[in-house]
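The lines below spell out each chain.
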Amino acid sequence: MKLGLIGKTLGHSWSWQIHDMLIHEHYQNWELSEDEVIPFLEKKDFTGINVTIPYKEKVMTVLDEISPTAEKIGAVNCIINRDGRLYGYNTDCDGFMELVKTAGMHMEGKHAAVLGSGGAAKAVMAGVSQLGGIPVMVSRHPHDDMISYQQMYAMQNRFSFLVNATPVGMFPHMDETPADLDVFEHLEGVVDVVANPLRTKLCFQASCKGMPSTGGLGMLVYQAAAADALFTGQKVPQERIDACLGTLLKERRNIVLIGMPTSGKSSVAQMLGKQSGQQVYDMDTLLEQQFGTSIRTCFETHGEAYFRAKETRLARELASKEGVIISCGGGIIKNPENMQVLSQHGVVVWLQRNSLFPSSDRPLSADEASLKKLYEQRRGLYEMYSDIQVENNGTLEDTAEQILKKIGERK
Ligand SMILES: Nc1ncnc2c1ncn2[C@@H]1O[C@H](COP(=O)(O)OP(=O)(O)OP(=O)(O)O)[C@@H](O)[C@H]1O
Ligand SMILES: O=C(O)C1=C[C@@H](O)[C@@H](O)[C@H](O)C1
Ligand SMILES: [Mg+2]
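Just so you know, the residues in each chain are numbered from 1, in the order the chain's sequence is written. For naming, the first written chain is A and the first written ligand is 1, with later ones following in the order written. Reporting of local features is limited, given that this is a predicted model, to residues whose pLDDT is at least 70; pairs of side-chain atoms are given and counted only at 80 or more, and all residues count toward the totals for whole chains, interfaces and linings. Neither water nor hydrogens contribute to the side-chain values; these are computed over all heavy atoms in the structure.

### Considerations on unusual backbone geometry
Line of reasoning, step 1. In the segment running from I53 into P54, the intervening peptide bond is cis, with an omega of 5 degrees.
Line of reasoning, step 2. Only runs of H or I of at least four residues qualify as helices and only runs of E of at least two qualify as strands under DSSP, and these elements are numbered from the N terminus. Here P54 lies in the loop between β3 (48–51) and β4 (65–66).
Line of reasoning, step 3. Located in the positive-phi region is D83, a residue other than glycine, with phi close to 50 degrees.

Following this line, the structure appears as structure tokens:
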């Protein structure tokens, strides 16, 4: 089988790795210029290909047959060569539907605001409809049946779901967000088709509100699985799809430990590193190295604001890493920006320990009374920002194992 992906720039594509895991087949990248696309297709020297930006519409002109869904969407991302005849499909739509189902979201009879008007947005519109939902396309330059962002906000009451199908928030523009979630009063879930970062700012804001949300990595894997079923004529077993997602997440997702001073973040991080083989970064230790003094001395000399600014800068630096363990200082949750950047590629674990103790090394919890006060001030924030909560009352080994187990159970 000769399989691969065509598009303009493919350096950042994860598809070759995904298809390798799903069907153990070699999958090539063919970077083509505008003029090369049609001759490439006419040569028909492939078994099956995926098509990505910006050629999903252009390829339709030379296909022999196009599936009704792809025709309706107006974009093809999968082409099969059957005895010299080219058949076009849209598996982005299948991928989107699978993503929504896996996230446990039920769109039947509900309105979904779909942000964007490009190929991805059109596939999402078809997916929402096939799931029984009522999609409404939202665009900065609305025409035909689309509405503007202003109109969306004006009718916010109607929407149960918000789907981002624009590139806003995608790496490297991770501080951007396509919509203001605060305006919506009845949202049940947020879907972002962006896969990098794993959690966009939009999804972070949804998690802070306790609202179900999902990023686009699952869609990327599910659309690939749907394409593989067309390439091979056989369904990809679910276990293989799950294993593929698990591997991609393990390689890219950081484990971020938050919690009260002395809850065990640094010790558990070291144990996790030992058990999983991932690199460990201890923020307080790194800051102490940077200052050349203890944290207490830094507070005494420069004040808390100085320390917090350095902490945020370090959080941003570490947030760009992938597949590592990050142990935070207890006060990391004081600045929402820290948690947003650390959550981009991170699963955030709140470590809880019964026997917390005052420590002269930690300026804000040097005695029992301040420790207690600190806990009351911070527990709501630890809860809001964490994906997983784990007790650290047994051995460090047990705690680390429990964390890895709970993370493994998440998709
Ligand atoms: N599960 C555990 N079993 C035994 N001792 C533990 C356990 N977890 C933590 N400790 C001990 O508690 C103390 C505080 O742990 P650690 O320094 O890892 O906490 P921390 O959350 O990183 O604190 P800080 O926020 O002050 O950096 C250490 O002496 C550590 O050995
Ligand atoms: O970036 C990628 O590798 C891809 C993205 C989407 O366009 C998919 O439709 C395509 O199959 C592969
Ligand atoms: Mg520590």
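### Describing the nonpolar core
Line of reasoning, step 1. Judged by nonpolar contacts, the single largest core of 54 residues is most densely connected at I18, L22, F96, M107, V124, V191 and L217.
Line of reasoning, step 2. In this structure, F204, L318, A319 and L342 belong to the second largest nonpolar core, which totals 30 residues. Residues enter a nonpolar core if they are buried and are Ala, Val, Leu, Ile, Met, Phe, Trp, Tyr or Cys, with the set joined through side-chain atoms within 4.5 Å. Classification of residues uses two cut-offs on accessible area relative to the type maximum, computed with a 1.4 Å probe and protein chains only: under 20% is buried, over 50% is exposed, and between them is partly exposed.

### Notes on the side chain of S15
Line of reasoning, step 1. Residue placement: S15 occurs in helix α1 (residues 15–23).
Line of reasoning, step 2. Residue S15 is classed as buried on the basis of its relative accessible area, which comes to 8%.
Line of reasoning, step 3. Between two residues, a contact is recorded if the distance between any of their heavy atoms is within 4.5 Å. The residues contacting S15, other than those within four sequence positions of it, are L5 and Y27.

### Section: the site of ligand 1
Line of reasoning, step 1. If even one non-hydrogen atom of a residue comes within 4 Å of a molecule or strand, that residue is called near it. The full set close to ligand 1 counts 16 residues, and K265, S266, S267, R362 and N392 are the nearest of them.
Line of reasoning, step 2. Pairing of N or O atoms within 3.5 Å defines a polar contact, subject to two protein rules: one partner must be a possible hydrogen donor and the other a possible acceptor, and residues neighboring in sequence count only if both atoms are side-chain atoms. The contact in question runs from an oxygen atom of ligand 1 to an N or O atom on the side chain of S267, over 2.4 Å.
Line of reasoning, step 3. Interatomic distance of 2.6 Å between a side-chain N/O atom of R362 and an oxygen atom of ligand 1.
Line of reasoning, step 4. Considered on its own, ligand 1 offers 630 Å² of accessible surface; in the complex 72% of this is hidden by protein.
Line of reasoning, step 5. A per-element tally of the shell around ligand 1 places helix α10 (residues 265–276) first, with 3 residues. Note on areas: Shrake-Rupley, 1.4 Å probe, and residue coverage restricted to the protein chains presented here.

### So, the sheet that holds strand β9 (residues 159–164)
Line of reasoning, step 1. With parallel pairing, the 5 strands of this open sheet are ordered in space as β8-β7-β9-β10-β11. Each end of this open sheet is capped by a strand with a single partner; those strands are β8 (134–138) and β11 (213–214). Strand pairing is assigned whenever DSSP detects at least two bridges linking the two strands.

### Looking at the site of ligand 2
Line of reasoning, step 1. Around ligand 2 sit L5, S13, S15, N50, T52, K56, N77, D92, L220 and Q223, and those are all the residues in its vicinity.
Line of reasoning, step 2. Between ligand 2 and K56, the relevant distance is 2.8 Å, taken from an oxygen atom to a side-chain nitrogen or oxygen of the residue.
Line of reasoning, step 3. Against a free-state accessible area of 310 Å², the protein chains account for coverage of 84% of ligand 2.
Line of reasoning, step 4. Cavity membership is defined here by more than half of the atoms lying within 2 Å of grid points; on that basis ligand 2 lies in the largest pocket.
Line of reasoning, step 5. For this scheme, ten residues count as nonpolar: Ala, Val, Leu, Ile, Met, Phe, Trp, Tyr, Cys and Pro. Four count as charged, namely Asp, Glu, Lys and Arg, and the remainder, Gly too, count as polar. Its residues placed into classes, the shell around ligand 2 shows 2 nonpolar, 6 polar and 2 charged. As defined here, a cavity is a set of points on a 1 Å grid over the protein atoms alone where a 1.4 Å probe fits but cannot get out. A pocket is an open set with protein on both sides within 12 Å along at least five of seven lines, and residues line them when an atom is within 4 Å of a point. Should more than half of a molecule's atoms lie within 2 Å of a pocket's or cavity's grid points, that molecule is taken to sit in it.

### What to know about the sheet that holds strand β1 (residues 3–7)
Line of reasoning, step 1. On the basis of which strands lie adjacent, the open sheet formed by 6 strands has the order β2-β1-β3-β5-β6-β4 and mixed pairing. Unpaired on one side and paired on the other, β2 (27–31) and β4 mark the two borders of the sheet.
Line of reasoning, step 2. Bridge count for β1 against β3 is 4 bridges, and the pairing is parallel. Bridge pairing links L3 to G48 in β3.
Line of reasoning, step 3. What counts as an axis is a line fitted to C-alpha atoms, over the stretch in contact for a helix, and the angles between N-to-C directions run from 0 to 180 degrees. Sitting on the sheet, α1 is in contact with β1, β2 and β3, with an inclination near 160 degrees to β2.

### Structural notes on the UniProt feature "binding site: Mg(2+)" (unreviewed entry) in the protein chain
Line of reasoning, step 1. Look at the UniProt record and you will see "binding site: Mg(2+)" (unreviewed entry) annotated at S266.
Line of reasoning, step 2. Positionally, S266 belongs in helix α10.
Line of reasoning, step 3. Look past the residues within four positions of S266 in its chain and what remains in contact with it is D282 and S327. UniProt positions are given in the numbering used here, feature names are shortened, and annotations may be inferred rather than shown by experiment.

### Describing the environment of Y27
Line of reasoning, step 1. Counting through the fold element by element, Y27 comes out in strand β2.
Line of reasoning, step 2. Note on Y27: relative accessible area 5%, which makes it buried.
Line of reasoning, step 3. Sequence separation of Y27 and S15 is 12 residues, and the distance between their C-alpha atoms is 8.0 Å.
Line of reasoning, step 4. Apart from the residues lying within four places of it in its own chain, the contact partners of Y27 are L3, G4, L5, S15, W16, H19, N50 and F231.
Line of reasoning, step 5. For Y27, the side chain forms a polar contact with the side chain of N50, separated by 2.7 Å.

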